[in-house]
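Residues per chain, in single letters:
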Amino acid sequence: MFYNIISQCLNSTTVTLFQARQAHAHILKLNLFSDSHLSKRLLSIYSNNLCFPEINHIFHSLPQPSLFTFSSVIHSFTRSNLYHHVLRIFSQLGSHDLVPDGYLIPSAIKACAALHALKTGKQVHGFVSVSGYGSDSVVMSSLVHMYLKCDQIVDAHKLFDTMPERDVVAWSAMISGYSRRGLVDKAKELFSEMRNEGVEPNLVSWNGMIAGFSSNGSYVEAVMLFQKMLLEGFSPEGTTLSCILPAIGQLEDAVMGAQVHGYVIKQGLEIDKFVVNSLLDMYGKCGCAFEMSRVFDEADQTEICFLNAFLTGLSRNGLVDTALEVFEQFKDEGMELNVVTWTSMIASCSQNGKDLEALEFFRKMQADGVEPNAVTIPSLIPACGNISALMHGKEIHCFSLRKGLFDDVYVGSALIDMYAKCGRIQLSRRCFDIMSAPNLVSWNAVMSGYSMHGKAKETIEMFHMMLQRGKKPDRISFTCVLSACAQNGLTEEGWQYFNSMSKEHGMEAKMEHYACMVTLLSRVGKLEEAYSIIKEMPYEPDACIWGALLSSCRVHHNLNLGEIAAKKLFLLEPDNPGNYILLSNIYASKSMWDEVNRIRDVMKSKGLRKNPGYSWIEIGRKVHTLLAGDKSHPQMKEILEKLDELTMKMKKSGYLPKTSFVLQDVEEQDKEEILCGHSEKLAVALGLLNTSPGEPLQVIKNLRICDDCHAAIKFISSLEGREIFVRDTNRFHHFKDGGCSCGDYW
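Residues numbered from 1 in each chain as written. Predicted model: local features only at pLDDT ≥ 70, side-chain atom pairs only at ≥ 80, totals over all residues. Heavy atoms only, no water.

The chain is annotated in an unreviewed UniProt entry as DYW domain-containing protein from Lupinus luteus. Under the UniProt heading Sequence similarities (unreviewed entry), the note attached to the chain is "Belongs to the PPR family. PCMP-H subfamily." (UniProt positions renumbered as here; feature names shortened; annotations may be inferred.)

A.B. asks: Teacher, can you tell me more about the environment of Ser-388 here?
C.D. replies: Residue placement: Ser-388 occurs in the loop between helix H23 (376–386) and helix H24 (390–402). On a C-alpha basis, the gap between Ser-388 and Val-623 in space is 8.6 Å, while along the polypeptide they are 235 residues apart. (Helix = DSSP H or I, 4+ residues; strand = E, 2+ residues; numbered from the N terminus.)

A.B. asks: How should the packing of aromatic side chains be read in this particular structure?
C.D. replies: Pairs of aromatic rings are described using the distance from one ring centre to the other and the angle between the two planes. Under the counting rule described, the total for this entry stands at 18 aromatic pairs. Plain terms: the ring middles of Trp-495 and Phe-498 are 5.9 Å apart, the flat faces sit at 85 degrees to each other, and that makes the pair edge-to-face. Of this pair, Trp-495 and Phe-498 both sit in helix H30 (residues 491–503), separated by three residues, roughly a single helical turn. Residue classification places Trp-495 among the partly exposed positions, given a relative accessible area of 26%. Consider the rings of Phe-570 and Tyr-580, whose centres lie 4.2 Å apart with planes at 10 degrees: the pair is stacked. (Phe/Tyr/Trp six-rings, centres within 6.5 Å; stacked < 30°, edge-to-face > 60°. Buried < 20%, exposed > 50% of the residue type's maximum accessible area, 1.4 Å probe, protein only.)

A.B. asks: Sorry, what's going on with the sheet that holds strand S5 (residues 732–736) here?
C.D. replies: Ordered by their spatial adjacency, six strands build an open sheet running S2-S1-S3-S4-S5-S6, and the pairing between neighbours is mixed. Two strands bound the open sheet, and with one partner strand each, they are strand S2 (622–627) and strand S6 (739–740). Taken together, the four bridges between strand S4 (residues 724–727) and S5 define a ladder with antiparallel strand orientation. Note on S5: the bridge partner recorded for Val-726 is His-733. Here helix H40 (residues 707–719) sits on the sheet in contact with S4, S5 and S6, set at roughly 35 degrees to S5. (Pairing = 2+ DSSP bridges. Contact = heavy atoms within 4.5 Å. Axes fitted to C-alpha atoms, helices over the stretch in contact; angles between N-to-C directions.)

A.B. asks: Honestly, the side chain of Asn-579 in this entry has me stumped. Any pointers?
C.D. replies: Relative to the elements of secondary structure, Asn-579 occurs in helix H35 (residues 577–589). Contact partners of Asn-579, with chain neighbours within four places excluded, come to Leu-550, Leu-569, Phe-570 and Glu-573.

A.B. asks: Sorry, what's going on with the nonpolar core here?
C.D. replies: Inside soluble globular proteins, nonpolar side chains tend to come together where they are buried. Counting residues in hydrophobic clusters, the biggest one holds 185 residues, and the most contacted among them are Met-174 and Leu-549. Not counting residues within four places of it along the chain, the set of residues in contact with Met-174 comprises Val-144, Leu-148, Ile-153, Ala-156, His-157, Phe-160 and Leu-190. By size, the runner-up hydrophobic cluster in this structure holds 28 residues, among which are Met-636, Ala-683, Ile-705 and Ile-716. (Core = buried A, V, L, I, M, F, W, Y, C linked by side-chain atoms within 4.5 Å.)

A.B. asks: Sorry if this is basic, but what is going on with unusual backbone geometry here?
C.D. replies: Excluding glycine, a negative phi dihedral is what most residues carry, and trans is how most peptide bonds are arranged. For His-116, which is not glycine, the phi torsion reads 55 degrees and is therefore positive. Positioned with a positive phi, Asp-151 is a non-glycine residue whose angle comes to about 65 degrees. For Asp-151, the location among the structural elements is in the loop between helix H9 (137–149) and helix H10 (153–162). What makes Asp-151 exposed here is its relative accessible area of 53%.

A.B. asks: How do you make sense of the side chain of Asp-355 when you look at a structure like this?
C.D. replies: Looking at the secondary structure, you find Asp-355 in helix H22 (residues 355–367). With residues up to four places along the chain from it excluded, the contact list for Asp-355 reads Cys-349, Ser-350, Ala-383, Asn-386 and Ile-387.

A.B. asks: Help me understand the UniProt feature "repeat: PPR" (unreviewed entry) in the chain in this model?
C.D. replies: The sites that carry the UniProt feature "repeat: PPR" (unreviewed entry) are, in the present numbering, residues 66–100, 167–201, 202–236, 303–337, 338–372, 439–473 and 474–504. End C-alpha to end C-alpha, residues 167–201 measures 10 Å, and it is 74% helix and 0% strand. The straight-line gap between the two end C-alpha atoms of residues 439–473 is 11 Å; of that span, 74% is helix and 0% is strand.

A.B. asks: Where do I start with helix H33 (residues 543–556) in this structure?
C.D. replies: Given 3.6 residues to a turn, an α-helix orients residues that are three or four positions apart in the same direction. Its 14 residues place the ends of H33 20 Å apart at the C-alpha level, agreeing with the 20 Å of an ideal helix rising 1.5 Å per residue. H33 sits mainly inside the fold: eleven of its 14 residues count as buried. Along H33, the positions that sit buried rather than exposed are Ala-543, Ile-545, Trp-546, Gly-547, Ala-548, Leu-549, Leu-550, Ser-551, Ser-552, Cys-553 and Arg-554. Next to the buried residues of H33 lie helix H31 (511–523), helix H32 (527–536), helix H34 (559–572) and H35. One side-chain oxygen of the residue at the start of H33 lies 3.1 Å from the amide nitrogen of Cys-544, identifying that residue as Asp-542. His-557 sits one or two positions beyond H33 and adopts a positive phi of about 55 degrees. (Expected span 1.5 Å × (residues − 1). Polar contact = N/O pair within 3.5 Å; in protein donor to acceptor, adjacent residues only side chain to side chain.)

A.B. asks: Where do I start with the pattern of salt bridges in this structure?
C.D. replies: Note on pairing: side chains with opposite charge can pair once their charged atoms come close. Throughout the structure, instances matching the rule amount to 18 salt bridges. Between Arg-166 and Asp-161 there is a salt bridge whose closest N-O contact spans 3.5 Å. A salt bridge links Glu-189 to Lys-186, with the shortest nitrogen-to-oxygen separation between them at 3.4 Å. Of this pair, Glu-189 and Lys-186 both sit in helix H12 (residues 184–196), three residues apart, which is roughly one turn of the helix. Classification of Glu-189 as partly exposed rests on a relative accessible area of 44%. It is possible to trace a salt-bridge network through shared partners that takes in Lys-642, Glu-645, Lys-649 and Glu-720. (Salt bridge = Lys/Arg side-chain N within 4 Å of Asp/Glu carboxyl O.)

A.B. asks: Can you walk me through a nonpolar patch on the surface in this structure?
C.D. replies: A cluster of nonpolar side chains, namely Val-220, Met-224 and Leu-251, defines an oily patch on the protein surface of about 260 Å² accessible area. Here Val-220 shows up in helix H14 (residues 219–231). Overall, the relative accessible area of 45% leaves Val-220 in the partly exposed class. (Patch = residues over 30% accessible without salt bridge, like charges linked within 9 Å, V, L, I, M, F, W, Y side chains within 5 Å. Areas by Shrake-Rupley, 256 points an atom, 1.4 Å probe, with all protein chains shown as cover.)

A.B. asks: So what exactly am I meant to see when it comes to the pairing of strand S3 (residues 697–701) here?
C.D. replies: With five of five residues buried, S3 is to be regarded as a mostly interior element. Where burial is concerned, the two faces of S3 agree: the one with Leu-697, Val-699 and Lys-701 and the one with Gln-698 and Ile-700 are both buried. Taken together, the three bridges between strand S1 (residues 614–619) and S3 define a ladder with antiparallel strand orientation. In the sheet register, Ile-617 faces S3, and the bridge partner there is Val-699. Pairing of S3 with S4, which is carried by four bridges, proceeds in the parallel orientation. Within S4, the residue paired with Leu-697 across the bridge is Ile-724.

In structure tokens:
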């Protein structure tokens with residue numbers, strides 16, 4: 001009687017999961033599992049409801065499961081993307097003397113593709129070859145997809161060529177595979193070949209090519225293909241638009257982006273969240289902040305992905321304060337912000353000069369219970385390097401080790417850069433040496449660090465070590481080497497590496513490489529030779545090139561070339577006060593005070609002011625900011641008293657203030673007082689007052705260190721027995737025992 005009741009219950013088309021579980025309990029109590037019908041029915045119900053613990057229990061309780069049983073279980077796991085379980089169950093078929101059929105084999109192949117299990121996939125392929133399924137188009141298409149997913153495009157194409165029937169799905173898979181790898185010509189060739197064989201492309205074919213070209217950086221090809229698709233009468237769907245909008249954004253083609261947006265509105269696709277997300281991203285990359293804001297305002301603002309895209313777009317356009325306001329607004333409204341949101345804000349602050357805010361965001365993120373990931377840490381670490389917050393950087397390093405994130409190559413590379421910017425080049429190199437698989441970013445980071453510290457020999461050694469390890473240098477690699485040569489006046493070596501770019505590496509020199517050569521030559525006094533390079537350049541010289549020449553003209557007091565460079569800069573950067581200041585410096589060095597006053601009047605008429613000199617110093621876990629001439633720091637009285645004391649001691653040791661660097665026509669005593677107010681001196685004095693004797697000090701300045709501060713800090717390092725690191729906009733200076741690592745060449 002119980003058997004009949006249970007059977008009727010399970011066979012009912014309206015049986016609920018609760019009723020099935022009650023029936024399951026009775027089956028266990030009455031030991032009715034030997035009945036294959038009841039077991040199959042239960043398994044079918046549980047499979048449809050994706051109840052995996054019950055599925056596993058029944059499956060392993062069956063003495064001799066059938067092929068149908070295996071199929072039910074495998075298809076359930078496949079529907080839920082539990083591919084490890086798919087392969088585990090599939091591998092048990094043989095032990096039950098069962099042979100998989102044409103319905104089960106594609107599920108196993110799909111699992112191999114999803115897990116990139118190439119070895120297992122080849123084993124399944126071997127079974128297909130000997131079991132007669134080589135003519136099954138579904139099985140063969142699955143194998144082609146598997147090889148493509150496992151990045152074996154040659155094997156995929158060989159298999160594709162043997163297929164007796166190649167439908168549009170198989171053709172589209174191959175075309176998409178070549179597109180994703182940037183093999184544009186091969187993808188187009190296959191596309192044409194498909195049509196020649198009478199197989200017309202469908203929307204999936206077009207989408208596959210467009211997505212492939214877009215994701216691989218072939219943006220122009222993606223847009224051209226999109227236009228061709230429209231001309232042939234295909235109507236783009238949401239997937240198509242989500243693929244093409246990123247390419248339009250990368251090309252910064254706001255006009256085409258607006259046209260696609262119009263199509264989205266016309267087709268009513270504003271409800272497609274992928275399309276909306278792509279629109280936000282596209283407008284952000286095109287610099288259309290107003291249009292981006294309008295899309296966001298009209299979107300469903302409960303979607304966290306829209307908020308993330310909007311915040312990223314605001315930050316990309318320098319609207320970091322607006323991004324902060326939007327973030328706080330949605331946080332106050334109770335929106336559950338995820339790791340992407342927090343990471344976006346940390347990156348935004350770090351990239352827009354709000355480094356202290358980035359560190360504070362990281363603290364709040366953890367307080368809110370959001371776990372940082374391998375993207376968060378590389379976004380945060382630069383903030384520590386930017387303000388030389390070594391203690392914070394070390395704490396984040398420890399955090400990455402505890403969370404197992406250090407092995408991520410981008411985390412490791414960010415730490416290399418951070419330690420270098422914090423003056424700890426040895427720790428930077430140590431991080432590099434323990435990386436299991438450094439990539440080109442890692443090599444460039446350590447070379448950039450050595451170059452920043454003026455260590456040309458080590459930079460060049462790392463460059464050659466990189467070549468020996470089979471890494472191909474890029475333009476950043478050469479910028480590091482040329483910059484190191486410029487820092488040390490290595491003219492011959494600089495020319496050697498500059499020429500090797502085209503001769504040995506087939507690489508065209510870019511603007512930054514010419515800037516390095518102009519800097520190198522002009523610093524050693526070869527100003528005319530540097531000017532000749534500028535005139536012979538294949539590009540129109542930018543502000544960086546002319547700025548390098550003008551800066552060296554100030555050092556060498558070359559008025560003629562200085563005026564030429566300044567004239568160009570006034571056209572290129574009419575609102576940059578630094579260029580006017582540099583020319584004014586040259587006039588002041590020659591006591592041409594009328595010209596100095598003229599430049600000052602020009603600046604005043606344009607509303608330009610000299611960029612104030614800031615310096616940062618980390619004491620304990622707090623970063624202090626000192627501003628030249630500012631008296632607001634709570635310890636300013638003690639700082640100035642300490643500087644007076646040091647000045648007296650330095651003068652007794654032979655120090656003479658370099659008042660020629662005060663660009664004002666005032667008395668000598670007033671000039672000395674102005675020099676005492678320079679921010680790097682204030683920061684050093686603050687450090688001396690608040691740290692233990694002998695403890696190293698590290699200062700960062702937002703401008704180049706002046707000659708007088710450079711000379712004074714050399715004396716201070718000797719008098720106080722301190723090692724003092726100063727990082728300016730140009731390089732690192734290591735002051736120790738009265739000397740500087742730059743050898744006074746800077």
